[in-house]
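Listed below, chain by chain, are the residues.
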Amino acid sequence: MTRHLNIGMPFDDWPVRDRQLFARAFENVDIFERGPALAPSTKYGRKSDYGRWLGFLFQAFPEALEQAPQERVDQSRVEDYVAYLRQNCRDTTVAHCLGRLFYTVRAMCPDHDFQWLYRTMRLIAVKAEPIKHPQVLSSDLYPIGFRLMDRAMVKAKALGRLTKSSAMAYRDGLLIATLVEAPMRRGPFSRLTTDDHIVRVGAQWCLAVPAELTKTKTAQEYQLSERLSAYVDTYLGRIRLAFPGADTHNGLWPYEGRPMTDKMIRRRIIKWTRLSLGFAVSPHRFRNAAATLISIADPENIRVAKDLLGHRSFSMTEKHYIDGAQARIAGRELAAVLTTRAGPSPRSE
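Rules and cut-offs
- Residues numbered from 1 in each chain as written.
- Predicted model: local features only at pLDDT ≥ 70, side-chain atom pairs only at ≥ 80, totals over all residues.
- Heavy atoms only, no water.
- Helix = DSSP H or I, 4+ residues; strand = E, 2+ residues; numbered from the N terminus.
- Areas by Shrake-Rupley, 256 points an atom, 1.4 Å probe, with all protein chains shown as cover.
- Salt bridge = Lys/Arg side-chain N within 4 Å of Asp/Glu carboxyl O.
- Buried < 20%, exposed > 50% of the residue type's maximum accessible area, 1.4 Å probe, protein only.
- Phe/Tyr/Trp six-rings, centres within 6.5 Å; stacked < 30°, edge-to-face > 60°.
- Lys NZ or Arg CZ within 6 Å of the ring centre and 35° of its normal.
- Pairing = 2+ DSSP bridges.
- Axes fitted to C-alpha atoms, helices over the stretch in contact; angles between N-to-C directions.
- Parallel < 35°, antiparallel > 145°, perpendicular 65-115°, else oblique.
- Left-handed = near helix turned anticlockwise from the far one by under 90°.
- Contact = heavy atoms within 4.5 Å.
- Nonpolar A, V, L, I, M, F, W, Y, C, P; charged D, E, K, R; others polar.
- Core = buried A, V, L, I, M, F, W, Y, C linked by side-chain atoms within 4.5 Å.

## A few points about the overall build of the protein
Consideration 1: Broken down by element type, the protein carries 16 helices and 3 strands.
Consideration 2: Accessible area for the protein stands at about 19,200 Å²; split by element, carbon and sulfur atoms hold 52% of it.

## Quick notes on the pattern of salt bridges
Consideration 1: Under the defined criterion, the tally for this structure stands at 10 salt bridges.
Consideration 2: A salt bridge links D49 to R52, with the shortest nitrogen-to-oxygen separation between them at 3.0 Å. With D49 and R52 both in helix 3 (residues 40-60) and 3 residues apart, the pair spans about one turn of that helix. For the pair D49 and R52, one class covers both residues: buried.
Consideration 3: Ionic pairing is found between D172 and R268, a salt bridge with its closest N-O pair at 2.7 Å. Linking D172 in helix 9 (residues 164-181) with R268 in helix 12 (residues 262-277), this pair joins segments that are 96 residues apart in sequence.
Consideration 4: Each of the salt bridges in this network shares a partner with another, and the network as a whole consists of D49, R52 and R100.

## Considering the packing of aromatic side chains
Each aromatic ring pair is characterised by the separation of its centres together with the angle its planes make.
Consideration 1: On inspection of all chains with the given rule, the structure shows 18 aromatic pairs.
Consideration 2: Between the aromatic rings of F102 and Y103, the centroid separation amounts to 5.0 Å while the plane-to-plane angle is 65°, which identifies the pairing as edge-to-face.
Consideration 3: Given the relative accessible area of 2%, F102 is considered buried.
Consideration 4: One aromatic cluster is present, built from ring pairs that chain together F11, W14, F22, F26 and Y50.
Consideration 5: Over the aromatic face of F61 sits the side chain of R77, whose NZ or CZ is 5.6 Å from the ring centroid.
Consideration 6: Over the face of the ring belonging to W272 we find K271, whose NZ or CZ atom lies 4.6 Å from the ring centre.

## A closer look at the sheet that holds strand 1 (residues 198-201)
Consideration 1: If you walk across this open sheet you meet the 3 strands as 1-2-3, and the pairing is antiparallel. Either end of the sheet is taken by a strand with one partner, and the two such strands are strand 1 and strand 3 (220-223). With strand direction ignored, the average angle separating the axes of adjacent strands in the sheet is 25°.
Consideration 2: With 4 bridges joining them, strand 2 (residues 204-209) and strand 3 adopt antiparallel strand pairing.

## Side note on the packing of helix 8 (residues 138-159) against helix 9
Consideration 1: Interaxial distance between helix 8 and helix 9 falls to 8 Å at its minimum, and their mutual angle equals 155°. Taken together, the axes of helix 8 and helix 9 lie roughly antiparallel to each other. Here helix 8 runs over helix 9; the crossing is left-handed. Here S138, L141, Y142, I144, G145, F146, L148, M149, A152, M153, K155 and A156 of helix 8 come into contact with helix 9, specifically with S165, S166, A169, Y170, D172, G173, L174, I176, A177, V180 and E181.

## Observations regarding the packing of helix 8 against helix 11 (residues 226-239)
In a pair of packed helices, the angle between the axes and the distance between the axes together describe the arrangement.
Consideration 1: Running from amino to carboxyl end, helix 8 crosses helix 11 at an angle of 40°, the nearest separation of the two axes being 12 Å. Between helix 8 and helix 11, the crossing angle belongs to the class labelled oblique. Here helix 8 and helix 11 pass one another in a crossing that is left-handed. Counting all contacts with helix 8, which are made through Y142, F146, M149, D150, M153 and A156, the residues of helix 11 involved are R227, L228, Y231, T234, R238 and I239.
Consideration 2: Looking at the contact of helix 8 with helix 11 residue by residue, the class counts come to 8 nonpolar, 1 polar and 3 charged.

## Details of the side chain of S282
Consideration 1: When you line up the elements, S282 lands in the loop between helix 12 and helix 13 (285-297).
Consideration 2: Accessibility expressed as a relative area gives 15% for S282, which makes it buried.
Consideration 3: The contacts of S282, once residues within four sequence positions are left out, are R266 and I270.

## Details of the pairing of strand 1
Consideration 1: Of the strand pairs in this sheet, strand 1 and strand 2 are connected by 4 bridges, and their pairing is antiparallel. Within strand 2, the residue paired with I198 across the bridge is L207.
Consideration 2: Linking two consecutive strands that pair antiparallel, namely strand 1 and strand 2, is a turn of 2 residues; a positive phi of about 65° is found at G202 within it.

## Let's talk about the nonpolar core
Consideration 1: Grouped together as the largest cluster of nonpolar side chains are 46 residues, with contacts concentrated most on L228 and W253.
Consideration 2: At the level of secondary structure, the elements contributing two or more residues to this core comprise helix 8, helix 9, strand 2, helix 11, helix 12 and helix 13.
Consideration 3: Top contributing element to this core by residue count: helix 9, with 10 residues.
Consideration 4: Not counting the four nearest positions on each side in its chain, W253 is found in contact with R171, L174, L175, T178, F189, S190, L192, Y235, R258, P259, M260 and I265.

Below you can see the structure in the form of structure tokens.
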């Protein structure tokens, strides 16, 4: 079977009935009629994975597109879909795809029972082996950003001009250092603007993320350090305007005549972290790194990680960002820090 797993069916190409049902199920309506509206990112994910499902059917069972949505989702086809996804996806990803398919088709066809699909998803999820990432802390990531910015300015000074590559390196360094201090999700991060979301207060810059950009619909504010704020001064005063077309838009992170997308930001951060650390660190893992560093440096105040990451409850922070392995590493690191601060033990003298 040909591998086209990254090519879902675009929404405009969906069967008319599917488009109508999806719009009806996920449009923003009165809270007392259908319940709270989904976050844009959640809606986007469901649309994307339902398009992936339709793309699979188009390749393997094109005749199924003539059927009603609820009739297409049967156990035989889902088994084939799982085999299709497994060609280049881990089971953790397969489970996510099935989960989104379940919630989407259940909302589109509420009169039909799809609990068997949910049970299938859970069985795969329970047996899936999670990806084991190398341990990384914010303190490992922070210097990467400053090195990039400093080297870019040294190069510009040596040449007597700011080259495109130097401007990109400085911007990327600022991306990394800012995300360390303000570990927000990459969607809101990519949509920051110079007009509305960054404000100078005294010697420091503050990032103000409005509620409509956050997953939890709660506004977030991050005060950048004086050290990083000085680099922001240089960026806004000189570096940003070196990008072609930067004066035609207000995006904080410019590209070729337009703001960077979240995927562009992800690629740049992965590139530099892989070169510096020997392994890639995605923007989302900056959030794990921040929570873990807090658990090491200030374990008594670990609950502040909830506010830093924009979670509604600490249980979410604890469940997804501070797992058992990280806690054990944090314990060892904390012990080492305490030993260093206290000096050598009496037995070693």
